[in-house]
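Tertiary structure, described
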Amino acid sequence: MLVLPATLTHREASACLRMLEQSLKKVTAPQVVVDASALTAFDTSALAVLLECRREALGEHKTFAVKDLPQALVGMSKLYGVDGLLPAAA
């Protein structure tokens, strides 16, 4: 499982994405799950990071899901029309 940091804003986005991409290469399961439970401070950059991570996962022929996405970020994803691209992990 990949884990997001507590803060994911424009300032942290590039470093976080690099970390996720490196970790994703080590995932052997057919599904990539990103744990967002620690996320407390974020902006729309968090959505961009998650969407890019999803794209990378799909490129590796894996499914993608997000665990414990904060409600405010769920709201942002609906506002931008990308909520269907970030399914909740079972």
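What you are looking at is a predicted structure, and each value in this text was computed from that prediction instead of being measured.

Quick notes on the side chain of Asp35
Turning to its location among the elements, Asp35 is positioned in strand S3 (residues 31-35). Of the buried charged residues, Asp35 lacks a salt bridge, with Lys67 as the closest side chain of opposite charge at 4.0 Å. Of the polar contacts made by the side chain of Asp35, one reaches the side chain of Ser37; its length is 2.7 Å.

Let's talk about the pairing of S3
Taken across its five residues, S3 has four buried, putting it largely inside the fold. Pairing analysis gives two bridges linking strand S1 (residues 2-3) to S3, with the strands arranged parallel. Following the sheet pairing, Val3 is matched in S3 by Asp35. The pairing of S3 with strand S5 (residues 63-67) spans five bridges and is parallel. Within S5, the residue paired with Gln31 across the bridge is Thr63.

Focus: helix H1 (residues 10-24)
Helix length check: H1, at 15 residues, gives a terminal C-alpha distance of 21 Å against a target of 21 Å (1.5 Å per residue), a fit within 8%. Looking at the buried side of H1, the elements it contacts are S1, strand S2 (7-8), S3 and helix H2 (44-59).

So, the nonpolar core
Counting 26 residues, the largest nonpolar core has Leu2, Leu4, Leu8, Leu50, Phe64 and Leu73 as its most contacted members. Put simply, the parts of the chain that give this core at least two residues each are H1, S3, H2, S5 and helix H3 (71-79). Counting residues per element, this core draws most heavily on H2, which supplies six residues. Here Leu4 is in contact with Cys16, Leu20, Val34, Asp35, Ala36, Ala38, Leu39 and Leu50, once residues within four sequence places are set aside.

Structural notes on the sheet that holds S1
The parallel open sheet is built from three strands, whose spatial order is S1-S3-S5. Where the open sheet ends on each side, the last strands, each with one partner, are S1 and S5. Packing of H2 onto the sheet brings it into contact with S1, S3 and S5, and relative to S5 it is tilted by some 150°.

Section: the state of the cysteines
Inspection of the entire model under this criterion finds zero disulfides. With no disulfide of its own, Cys16 lies 8.4 Å from the sulfur of Cys53, the closest cysteine sulfur. Classification of Cys53 by relative accessible area gives buried; the value is 2%.

Parameters and conventions
Residues numbered from 1 in each chain as written. Predicted model: local features only at pLDDT ≥ 70, side-chain atom pairs only at ≥ 80, totals over all residues. Heavy atoms only, no water. Helix = DSSP H or I, 4+ residues; strand = E, 2+ residues; numbered from the N terminus. Buried < 20%, exposed > 50% of the residue type's maximum accessible area, 1.4 Å probe, protein only. Lys, Arg positive; Asp, Glu negative; His and termini not counted. Salt bridge = Lys/Arg side-chain N within 4 Å of Asp/Glu carboxyl O. Polar contact = N/O pair within 3.5 Å; in protein donor to acceptor, adjacent residues only side chain to side chain. Pairing = 2+ DSSP bridges. Expected span 1.5 Å × (residues − 1). Contact = heavy atoms within 4.5 Å. Core = buried A, V, L, I, M, F, W, Y, C linked by side-chain atoms within 4.5 Å. Axes fitted to C-alpha atoms, helices over the stretch in contact; angles between N-to-C directions. Disulfide = S-S within 2.5 Å.

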